[in-house]
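Close look at the chain arrangement
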Amino acid sequence: MIEKQCPICGRPDCDIKIVPVQTNHGHEQPVICFHGDCLCCGLVYINRSLVFDNLETGQISKQEFLGYLRQHSLIREHTGSKTIKIVQTIDDLREGFFLPSTPFDQVYMLIEYIASKQPSLSEFVRFDASKDYPICFAKNESDFCFIIKSAYELGYIKGRGKNDDPIMDNGGKLHLTDELLMLTMKGWEKEQELKEQSPYSNQVFVAFHFDTGGTMKQIYDTAIAPAVSECGLIPYVTLDDEHGNSITDVIIAGIRKSRFVIADVTDASQNVYYEAGFAYGLGIPVILTCREDRTEEDMKFDTSHIKHILWKDEADLKQRLINRIEAMGLSKKI
Ligand SMILES: [Zn+2]
């Protein structure tokens with residue numbers, strides 16, 4: 001059965017099927033999913049009841065819902081990932097993506113998007129406001145045009161129209177002048193600045209117990225650091241023993257500036273837990289990892305309810321970290 005009208009955003013020209021999907025190796029009833037392409041939502045593969053239970057009851061706004069869905073597609077475009085995971089829960093939908101809280105954040109998301117799509121300094125990126133508004137969590141086409149206009153007025157982008165103004169006001173309604181946008185030098189400068197800030201930062205804060213035997217340091221060198229690098233990011237390490245039991249300003253600043261935190265709790269000291277907790281408090285995504293045979297002893301401070309990566313060896317940890325970083329939409333690999 002094909003729905004021509006997108007059940008999520010309401011666009012009339014999409015191609016979304018309702019399909020039963022067998023999960024959990026056939027032990028449970030199949031879940032009914034929406035699956036297909038929508039020009040606005042992107043590639044959709046989502047549990048139908050998640051849409052009904054949350055969107056239609058107003059648990060989450062349509063603006064947020066579409067924004068998150070589109071982020072999933074953007075990440076797949078960035079990484080070239082072929083695997084499509086079913087969005088089953090609201091946490092799957094949010095998946096560590098950054099939710100803009102101010103119009104400035106939305107302008108910055110637009111800058112990041114254009115920077116990632118612009119083929120060269122002098123080439124434009126094509127936009128269609130009627131389908132691209134979820135890119136920066138805009139509420140609708142008109143709000144998206146307002147964000148574009150603001151980015152232009154702040155000097156970050158330009159169009160190809162008269163005076164480079166990408167937006168025209170048509171009787172109180174905003175429209176794209178000719179659908180083409182590019183970053184200005186000021187825009188590229190801002191993009192560079194954003195890269196250095198969480199959540200736009202390229203830095204990943206890594207917390208682990210720097211043991212005297214050196215096992216964890218070796219794990220860091222052969223598994224964690226290469227996984228972070230392969231995702232186009234830069235690891236930032238804190239050696240907890242170096243600072244004794246204190247959490248220094250250097251550590252706090254390091255966490256604040258990071259895109260996310262990887263905390264390995266194998267044989268960990270209190271500092272590793274503190275650093276992970278501090279990041280959680282700031283809303284910075286945290287990936288917790290632990291060696292499989294150490295989970296009983298090391299998953300203390302009641303973090304056992306949080307999904308840890310339980311790893312066997314270095315190769316296992318490296319691959320699963322890459323998978324998790326990509327699944328959370330945190331990779332910068334293009
Ligand atoms: Zn849609």
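Preceding block: the structure.
In this report, the structure presented in the accompanying data block is examined.

The rules behind the values
Residues numbered from 1 in each chain as written. Predicted model: local features only at pLDDT ≥ 70, side-chain atom pairs only at ≥ 80, totals over all residues. Heavy atoms only, no water. Donors = N, O, S within 2.8 Å, 3.2 Å for Na, K, Ca; no water. Tetrahedral: all angles 85-135°; square planar, octahedral: opposite > 155°, others 65-115°. Helix = DSSP H or I, 4+ residues; strand = E, 2+ residues; numbered from the N terminus. Buried < 20%, exposed > 50% of the residue type's maximum accessible area, 1.4 Å probe, protein only. Axes fitted to C-alpha atoms, helices over the stretch in contact; angles between N-to-C directions. Parallel < 35°, antiparallel > 145°, perpendicular 65-115°, else oblique. Contact = heavy atoms within 4.5 Å. Nonpolar A, V, L, I, M, F, W, Y, C, P; charged D, E, K, R; others polar. Pairing = 2+ DSSP bridges. Salt bridge = Lys/Arg side-chain N within 4 Å of Asp/Glu carboxyl O. Right-handed = clockwise from strand over helix to strand, strands pointing away. Arc of directions from axis to C-beta. Expected span 1.5 Å × (residues − 1). Polar contact = N/O pair within 3.5 Å; in protein donor to acceptor, adjacent residues only side chain to side chain.

**Concerning the coordination of the zinc ion**
Those donors, Cys 6 (SG), Cys 9 (SG), Cys 38 (SG) and Cys 41 (SG), are the protein atoms that reach the zinc ion, and they lie 2.3 Å from it. Given four donor atoms and angles of 100 to 115 degrees at the metal, the environment of the zinc ion is assigned as tetrahedral. In primary-sequence terms, the residues that donate to the zinc ion follow C-x2-C-x28-C-x2-C. Residue Cys 9 is located in the loop between β1 (2-3) and β2 (15-21), and its partner Cys 41 is located in the loop between β3 (31-38) and β4 (42-47); the two are separated by 32 residues in the primary sequence. For the residue pair Cys 9 and Cys 41, the accessibility class agrees, reading buried in each case.

**Some details on the packing of helix α4 (residues 103-117) against helix α7 (residues 185-195)**
It is at 10 Å that the axes of α4 and α7 come closest, and there the two elements cross at 105 degrees. By the angle between their axes, α4 is roughly perpendicular relative to α7. For the pair α4 and α7, the contacting residues are Tyr 108, Ile 111, Glu 112 and Ala 115 in the first and Gly 187, Trp 188, Lys 190, Glu 191 and Leu 194 in the second. Per-class residue counts for the contact of α4 with α7 are five nonpolar, one polar and three charged.

**Comments concerning the pairing of strand β8 (residues 173-176)**
By the alternation rule, side chains of β8 split into Leu 174 and Leu 176, which are all buried, and Lys 173 and His 175, of which none is buried. In this sheet, β8 lies alongside strand β7 (residues 167-170) in antiparallel orientation, the contact comprising four bridges. Looking at β8, one finds that Met 168 is bridged to His 175. Counted along the chain from β7 to the antiparallel partner β8, the turn is two residues long, and its residue Gly 171 has a positive phi close to 60 degrees.

**Quick look at the pattern of salt bridges**
Applying the stated criterion across every chain, the model contains 14 salt bridges. The salt bridge involving Lys 149 is made with Glu 153; its shortest N-O contact spans 3.7 Å. Of this pair, Lys 149 and Glu 153 both sit in helix α6 (residues 141-153), four residues apart, which is roughly one turn of the helix. Judged by relative accessible area, Glu 153 falls into the exposed class, the value being 55%. Salt-bridge contacts for Asp 316 lead to Arg 320; the nearest nitrogen and oxygen are separated by 3.3 Å. With Asp 316 and Arg 320 both in helix α12 (residues 314-327) and four residues apart, this pair spans about one turn of that helix.

**Focus on the pairing of strand β13 (residues 286-291)**
Counting buried residues along β13, five of its six residues qualify, which places the element largely inside the surrounding structure. Direction of pairing for strand β12 (residues 260-264) relative to β13: parallel, over a ladder of four bridges. Residue pairing for β13: Ala 263 is matched across the bridge by Leu 288. Crossover β12 to β13 through helix α10 (residues 270-282) is right-handed.

**Some details on unusual backbone geometry**
In this structure, Phe 137 is a non-glycine residue whose phi angle is positive, near 60 degrees. Although it is not a glycine, Asp 164 sits at a positive phi angle of roughly 65 degrees. In this fold, Asp 164 is placed in the loop between β6 (157-158) and β7. The class for Asp 164 is partly exposed, based on a relative accessible area of 33%.

**With respect to helix α1 (residues 48-55)**
Within the span of α1, buried status applies to Leu 50, Val 51, Asn 54 and Leu 55. Each buried residue of α1 sits inside an arc of 100 degrees when the element is viewed along its axis, so together they form one side.

**A closer look at α12**
Over its 14 residues, α12 runs 20 Å from end to end, which matches the ideal 20 Å to within 8%, given 1.5 Å per residue. Among all positions of α12, only Asp 316, Leu 317, Leu 321, Ile 322, Ile 325 and Glu 326 are buried. Where α12 begins, one side-chain oxygen reaches toward the backbone nitrogen of Ala 315, 3.3 Å away; that side chain belongs to Asp 313. Gly 329 occupies a position one or two residues after α12 and carries a positive phi of about 70 degrees.

**Some details on the side chain of Asp 132**
The residue Asp 132 is located in helix α5 (residues 129-132) in this model. Those residues within four positions of Asp 132 in sequence are excluded, and the remaining contacts are Arg 70, Arg 126, Phe 127 and Phe 144.

**Examining the sheet that holds strand β9 (residues 180-183)**
An order of β5-β9-β6 is seen for the three strands of this open sheet, with the pairing classed as antiparallel. Looking at the sheet topology across the chains shown, the edges are occupied by β5 (125-126) and β6. The pairing of β6 with β9 spans two bridges and is antiparallel. Bridge pairing in β9 links Ile 157 to Leu 183. Docked against the sheet, α4 engages β5, β6 and β9, running at close to 95 degrees with respect to β9.

These figures capture arrangement, not role.
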